[in-house]
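Take a look at the letters that make up each chain.
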Amino acid sequence: MIFLKHDDFSVTIDDNLLNQIIKNQPALLDSIELMAIAEMQSYIASRFDVANIFSKQGNQRNQLIVLYLIDMILYHLHARVSPRNISQLRVDRYNQAIEWLKMASTGIIQPDLPLKADTQGNADDRLKWGSNTKLNQRY
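The notes below deal with the structure included here. (Residues numbered from 1 in each chain as written. Predicted model: local features only at pLDDT ≥ 70, side-chain atom pairs only at ≥ 80, totals over all residues. Heavy atoms only, no water.)

**Quick look at helix α2 (residues 26-44)**
1) Next: The terminal C-alpha atoms of α2, which comprises 19 residues, lie 27 Å apart, in line with the 27 Å expected from a rise of 1.5 Å per residue.
2) Next: Every buried residue belonging to α2 is among Leu28, Leu29, Ile32, Glu33, Ala36, Ile37, Glu39, Met40 and Ile44, and all of these are buried.
3) Next: For α2, the elements touching its buried residues are α1 (15-22), α3 (50-53), α4 (63-81) and α5 (88-106). (Helix = DSSP H or I, 4+ residues; strand = E, 2+ residues; numbered from the N terminus. Expected span 1.5 Å × (residues − 1). Buried < 20%, exposed > 50% of the residue type's maximum accessible area, 1.4 Å probe, protein only. Contact = heavy atoms within 4.5 Å.)

As structure tokens, then:
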């Protein structure tokens, strides 16, 4: 495991069920964890210091990141086993994780995560705004 520990999964899934899904292939779990981390980073990298977030270990990790990462991993594992028959619980928890990541990246919610630093090393907590380019409708 890269960021997560095997014990982290026991909160949301029974160890026996997890072993049945991965068929005792820990490399598969590592691979899907890396993919889920990359997916998570794609949502929050514009605002948060993802290198710092995913370098933490043990109790230093943000527990919401851990929870939502596990939900994303379990969704992808279930999709691998039976893509047309994924449990509604896994779909709902995956969608909740994605929604939380979107809200965190846009600033709707303020999770306790390290902000991305600007070029001087200061936390970049400014609001970003803008609009589309003005169009000329005259011919």
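Okay, back to it.
**Things to note about the packing of aromatic side chains**
1) Next: All told, the structure shown has three aromatic pairs when counted by the stated rule.
2) Next: Here the aromatic rings of phenylalanine 3 and phenylalanine 54 are separated by 5.1 Å at their centres, their planes lie at 70 degrees, and the arrangement is edge-to-face. One end of the pair, phenylalanine 3, is in the segment before α1; the other, phenylalanine 54, is in the loop between α3 and α4, and 51 residues separate them in sequence. Both residues of the pair, phenylalanine 3 and phenylalanine 54, belong to the buried class.
3) Next: Note on tyrosine 75 and tyrosine 94: the rings are 4.1 Å apart at their centroids and 15 degrees apart in plane angle, and the pair reads as stacked. In this pair, tyrosine 75 sits in helix α4 while tyrosine 94 sits in helix α5, placing the two residues 19 residues apart along the sequence. For the pair shown, tyrosine 75 and tyrosine 94 are each scored as buried. (Phe/Tyr/Trp six-rings, centres within 6.5 Å; stacked < 30°, edge-to-face > 60°.)

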